[in-house]
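# Results of the structural survey
The residues making up each chain are set out below.
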Amino acid sequence: RGDGTEPQAVDKYGQDGLKIYKAKFKPMHYAMCEMDKKVPMAMKLICHGPEEKVVGLHVVGVGADEMLQGFAVAVKMGATKRDFDHCVALHPTAAEEFVTMAPWGMKEGKPWLPGTLRP
């Protein structure tokens, strides 16, 4: 299960135990629209500990309901940021942002993709 909001995660784990990944962009859904019609989307991953277990996942924007339903399974199963990084991004979809969130495939400034999903 997820641990809710960022403030709830801070209360539970402390700020030092968390790594927050954020993204804000205008999704491809609006590619053919005029600029003033493009609605931004925001996403956040809340990760805990050295293994960066995903304890919270938030999204606001078009298709958020469908994304949350799918990613909820991964969070409930104990997915880590590394697990997310190992997923194939479905392009063009807004959901691909969750599995390519910067710094994608990096940990402590070093590549983190080779090898198995969980060491």
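Quick look at the structure, then. (Residues numbered from 1 in each chain as written. Predicted model: local features only at pLDDT ≥ 70, side-chain atom pairs only at ≥ 80, totals over all residues. Heavy atoms only, no water.)

## A few points about the overall build of the protein
Put simply, the rule is: Counting from the N terminus, the helices are the DSSP runs of H or I reaching at least four residues and the strands are the DSSP runs of E reaching at least two. The buried label goes to any residue with under 20% of its type's maximum accessible area, the exposed label to any with over 50%, and the partly exposed label to all in between, with areas taken from a 1.4 Å probe on protein chains only. Here the open area of atoms and residues is found with the Shrake-Rupley method and a 1.4 Å probe, where only the protein chains shown may cover a residue.
Each helix and strand in the protein was counted, giving four helices and five strands. Secondary structure elements of the protein occur, N-terminal to C-terminal, as α-β-β-β-α-α-α-β-β. A total of 119 residues make up the protein; the buried ones form 33% of that total. Per element, the accessible surface of the protein, about 7,500 Å² overall, is 61% carbon and sulfur.

## Details of the nonpolar core
What counts is decided by this rule: To qualify as a nonpolar core, a set must consist of buried Ala, Val, Leu, Ile, Met, Phe, Trp, Tyr and Cys residues joined through side-chain atoms within 4.5 Å. Here, residues are in contact when the closest pair of their heavy atoms is within 4.5 Å.
Ranked by size, the top nonpolar core spans 19 residues in total, and within it M43, L45, M67, F84 and F98 carry the most contacts. Sorting the residues of this core by element identifies β1 (18-25), β2 (41-48), β3 (53-60), α2 (64-76) and α4 (96-99) as the ones contributing at least two each. Residues contacting M43, with those up to four places away along its chain left out, are Y21, K22, A23, F25, H58, V59, M67, A94, A95, E97, F98 and M101.

## Notes on the side chain of K38
So the rule is basically this: His residues and chain termini do not enter the charge count, which takes Lys and Arg as positive and Asp and Glu as negative. Salt bridge, as used here, is a side-chain nitrogen of Lys or Arg placed within 4 Å of a carboxyl oxygen of Asp or Glu.
Secondary-structure assignment places K38 in the loop between β1 and β2. In this structure, K38 is buried with no salt-bridge partner, the nearest side chain bearing the opposite charge being E34 at 8.4 Å. Not counting residues within four places of it along the chain, the set of residues in contact with K38 comprises K26, Y30, A31 and C33.

## Quick look at the sheet that holds β2
Heads up, the rule is: Only strands joined by at least two bridges in the DSSP assignment are considered to pair. A fitted line through C-alpha atoms represents every axis, and for helices the fit uses only the stretch in contact; the resulting angles, taken between N-to-C directions, go from 0 to 180 degrees.
One open sheet accounts for three strands, arranged β1-β2-β3; its pairing is antiparallel. On the outer flanks of this sheet lie β1 and β3, each paired with one strand and no other. Neighbouring strand axes in the sheet, compared pairwise and without regard to direction, differ in orientation by 10 degrees on average. Sheet topology places β1 next to β2; eight bridges connect them, and they run antiparallel. Its bridge partner lying in β2, K22 is registered against K44. Against the sheet, helix α1 (residues 6-13) contacts β1, β2 and β3, and its axis sits at roughly 170 degrees relative to β1. The strands that α2 touches are β2 and β3; relative to β3, the one it contacts most, it runs at about 175 degrees.

## As for α2
Worth spelling out the cut-off: Expected helix span is computed as 1.5 Å times (number of residues minus one). A residue's bend is the angle separating two fitted axes: one through the seven residues that end there, the other through the seven that start there.
An ideal rise of 1.5 Å per residue puts 18 Å on 13 residues; α2 measures up with 18 Å between its terminal C-alpha atoms. Taking the largest bend as the criterion, α2 deviates by roughly 25 degrees, centred on G70. Looking only at α2, the buried set comprises A64, M67, F71 and V75. Close packing links the buried residues of α2 with β2, β3, α3 (81-85) and α4. Just downstream of α2 lies G78, where phi reads positive at about 90 degrees.

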